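Commentary on secondary and tertiary structure
Here is what each chain is made of, one letter per residue.
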Amino acid sequence: MSPLLEAEGLTLRFGALRALDGVSLALWPGEVVAVVGESGSGKSSLLRALSGLARPEAGRVLYRDAAGAACDVHALSEAERRRIARSDWGHVHQNPRDGLRMGVSAGANIGERLMAAGARHYGGIRAAAAEWMARVELDPARIDDLPRHFSGGMQQRLQIARCLVTRPRLVFMDEPTGGLDVSVQARLLDLIRALVEELGLAVLLVTHDIAAARLLAHRIVVMRQGRIVEEGLADRVLDDPQHPYTQLLVASVLAA
Amino acid sequence: MRDPVRSPEGAGAPGAEHRRREPEGRDPHYNFAYLDEATKRMIRRAILKAIAIPGHQIPFGAREMPLPYGWGTGGIQVTASILGPSDVLKVIDQGADDTTNAVSIRRFFARTAGVATTTRTAEATVIQTRHRIPERPLREDQILVFQVPMPEPLFRLEPRLAETRRLHALADYSLAQVKLYEDIAQQGESASSYNHPVLVNGRYLMSPSPIPGFDNPKLDRNPALLLFGAGREKKIYAVPPYTPVKSLDFDDHPFAPMRAPHPCALCGSTTHYLDEIVTDDRGGRMFVCSDTDACAEAAGRAGAAR
């Protein structure tokens, strides 16, 4: 088996600041990889570079599609990149406002990706939207409500439904549980874990929440100052951290 | 609102004088059709480009015209640059030949170009229109010029024009489809009774200018050349003859043009698009054809049959 997404020597600078400094990473099908690190360590820059939103100064990102053909994400034309982002990838933002259209109903939010993929049957789109609302534990009776009338946790679940409705193979998640209170976080993590298992998704999860990483991830990558300082199986990294920075990070988690 | 009793300038009774040439002919103080030759060439180049890419908006250097923005500065510039001395011009405003806007523009070209003007759709070679397509089917030797207030069909959905250009380039019209979904979800049907977006030649999403949905099917494979001019927004676009034009819809909610369920109060037509006219302040109203020429023709036919 070959990796789904493969990055080599990614470098990205903002002026004198090195956001990414020769980062290499591989993500296999069905695998959940968590990228952890403090604010400013380059986690989000890595996510943006991998998903083609930010062009790195050096290095390349290879994506292998369902047919097994590899393409360089940054060499694609915008039309091709958007097509892949629409059909094969999903993006869950930290703030649901960035991922949802706040002015249209929940059903339209879920249906937009289907319509972008060419669905033109209103009843079919609506049925798919209702089904996905149920799958993310939203009441399908609220299909015509605006997202702004939903709570933060519900908006986040709606965002996940919107992103998974086209059955992507790879989902980028940027702090999906950030800004939610603890009990809502726990339910959301449970939901994400169940869906990932069920759909066999590959997930690249960026988080500074070590507990979320432990719960969801198979593998953990620790970043600091634009470099990967440690990488390994989730339990190994968290139970037996090798790098001093990882030790500090794991030791700083507050026990309840 | 148009007076139901037609003025003599309009279609009037059958047999009335409907075609006229300004007695003094063309005013020699103006260049032919008002615009200078270089400007007309620039506009013609934009028109040719627009015809080559059906439905795609072509920018052009719109000039100040002697009428306010929103009154048809785009349409009048397109008309000015395609008009020849032998053309016969008809101008309609919401289907009517006798409203201020239509009368003024007709007079303007009679004075600056000395062309013959008419109110008869069948006789015209160039028809400038605001918000309607004539009821009588157009022919290959006719050109219909639309006055367009806002050429961008995604304008209400995506406020950034740079982004709408990108969406057109990528043919990504899911946003317009989302709007339609939302209309049907909230109201059970498409909420746009006019200016319903169309897909031209399977490629570009286009605003049909604010014509009623009733007229949308007439855009499809029309034998006449359809030109659209937006003066304020400085854009020209076109639908060449016999180009497929499809109104945006869903497979299970097909586009359905709307028409008031009445016969015309003047000619009795049950197929023409109707205007609702309030006749008094006690709820009295009448429905009459919006296309005055088609109405007069139908009334003439009805009169002859009687």
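The written sequence of each chain sets the order in which its residues are numbered from 1. Going through the entries in the order they are written, you letter the chains from A and number the ligands from 1. This being a predicted model, a pLDDT of at least 70 is required before a residue's local features are given, and a value of 80 or more before pairs of side-chain atoms are given or counted; all residues contribute to the totals for chains, interfaces and linings. The side-chain figures draw on all heavy atoms in the structure; neither hydrogens nor water molecules are used.

Residue and element names in this part refer to chain B. Runs of H or I in DSSP of at least four residues are treated as helices and runs of E of at least two as strands, each being numbered from the N terminus. Structurally, Tyr173 is set in the loop between α4 (161-169) and α5 (174-187). Sequence-wise, Tyr173 and Leu199 are 26 residues apart; in three dimensions their C-alpha atoms are separated by 9.6 Å. The contact criterion used throughout is that any non-hydrogen atoms of two residues lie within 4.5 Å. Filtering out sequence-adjacent residues up to four positions away, Tyr173 remains in contact with Leu154, Leu167, His168, Leu199, Arg203, Tyr204 and Leu205. Pairs of N or O atoms within 3.5 Å make up the polar contacts considered here, provided that, within protein, one atom can donate a hydrogen while the other can accept it, and that residues adjacent in sequence are counted only when both atoms are side-chain atoms. From its side chain, Tyr173 meets the backbone nitrogen of Leu205 in a polar contact 3.2 Å long.

Another aspect to go through is the packing of aromatic side chains. Only Phe, Tyr and Trp rings are paired, with Trp represented by its six-membered ring, and only when their centres lie within 6.5 Å; those with planes under 30 degrees apart are stacked, over 60 edge-to-face, the remainder tilted. Scanning all chains against the criterion turns up ten aromatic pairs over all chains. Considering the side-chain rings of Tyr122 of chain A and Tyr181 of chain B, the 5.2 Å spacing of their centres and the 40° angle between planes classify their relative orientation as tilted. Placement of the pair is Tyr122 of chain A in helix α5 (residues 122-135) and Tyr181 of chain B in helix α5, with the two residues belonging to separate chains. Classification of residues uses two cut-offs on accessible area relative to the type maximum, computed with a 1.4 Å probe and protein chains only: under 20% is buried, over 50% is exposed, and between them is partly exposed. The exposure class of Tyr122 of chain A is buried, given its relative accessible area of 9%. On the basis of relative accessible area, Tyr181 of chain B is assigned to the buried category, the value being 0%. Through a chain of ring-to-ring contacts, the aromatic side chains of Tyr30, Tyr34, Phe108 and Phe109 of chain B assemble into a single cluster. A cation over a ring is seen here: Arg135 of chain A above Trp132 of chain A, with NZ or CZ 4.5 Å from the ring centre. Geometrically, a lysine NZ or arginine CZ counts as sitting over a ring once it is within 6 Å of the ring centre and also within 35 degrees of the ring normal. Between the NZ or CZ atom of Arg203 of chain B and the centre of the ring of Tyr204 of chain B, over which it lies, the distance is 4.2 Å.

Residues and elements named next belong to chain A. Among the secondary structure elements, Glu31 is positioned in the loop between β2 (17-27) and β3 (32-36). We classify Glu31 as buried; its relative accessible area is 12%. A distance of 2.5 Å separates the side chain of Glu31 from the side chain of Arg219, its partner in a polar contact. Residues contacting Glu31, with those up to four places away along its chain left out, are Ala26, Leu201, Ala202, Val203, His218 and Arg219.

This paragraph deals with the pairing of β3 of chain A. Residue and element names in this part refer to chain A. Buried residues dominate β3, accounting for five of its five residues. Pairing geometry for β3 and strand β8 (residues 202-207), over five bridges, is parallel. Across the sheet, residue Val32 finds its bridge partner in β8, namely Val203. A strand pair is defined by DSSP finding two or more bridges across the two strands. Both β3 and strand β9 (residues 219-224) contribute to a ladder of four bridges, which runs parallel. For Val36, the partnering residue across the bridge sits in β9 and is Val222.

All right, on to helix α3 (residues 100-112) of chain B then. Residues and elements named next belong to chain B. Expected helix span is given by 1.5 Å per residue-to-residue step, counting one fewer step than there are residues. Its 13 residues give α3 an end-to-end C-alpha distance of 18 Å, which sits within 8% of 18 Å, the value for a rise of 1.5 Å per residue. Along α3, the positions that sit buried rather than exposed are Asn101, Ala102, Val103, Ile105, Arg106, Phe108, Phe109, Ala110 and Thr112. For α3, the elements touching its buried residues are α2 (73-82), β3 (88-93), β4 (116-118), β5 (126-130) and β6 (143-147). Remark: Gly114 follows α3 within two positions and exhibits a positive phi of approximately 65°.

A few words on the domain arrangement of chain A. Accessible area lost upon the coming together of the parts is a frequently used measure of interface size. Residue and element names in this part refer to chain A. All the domain ranges listed were derived from an automatic or database domain assignment. By domain assignment, chain A separates into domain 1 (5-88 + 169-255) and domain 2 (100-167). Between the C-alpha centres of domain 1 and domain 2 the distance comes to 25 Å. Taken together, the contacts link 16 residues of domain 1 with 15 residues of domain 2. Any carboxyl oxygen of Asp or Glu that lies within 4 Å of a side-chain nitrogen of Lys or Arg is treated as forming a salt bridge with it. Inspection of the region where domain 1 meets domain 2 yields two salt bridges. Between Glu137 and Arg187 there is a salt bridge; the shortest N-O distance is 3.2 Å. Of all the elements in the fold, those that place two or more residues in the side of domain 1 that touches domain 2 are α2 (78-87) and α7 (182-199). Looking at the side of domain 1 that touches domain 2 element by element, the count peaks at eight residues for α7. Residue polarity is assigned by list, with Asp, Glu, Lys and Arg as charged and Ala, Val, Leu, Ile, Met, Phe, Trp, Tyr, Cys and Pro as nonpolar; anything else, Gly included, falls into the polar class. Split into classes, the residues belonging to the side of domain 1 that touches domain 2 amount to eleven nonpolar, one polar and four charged.

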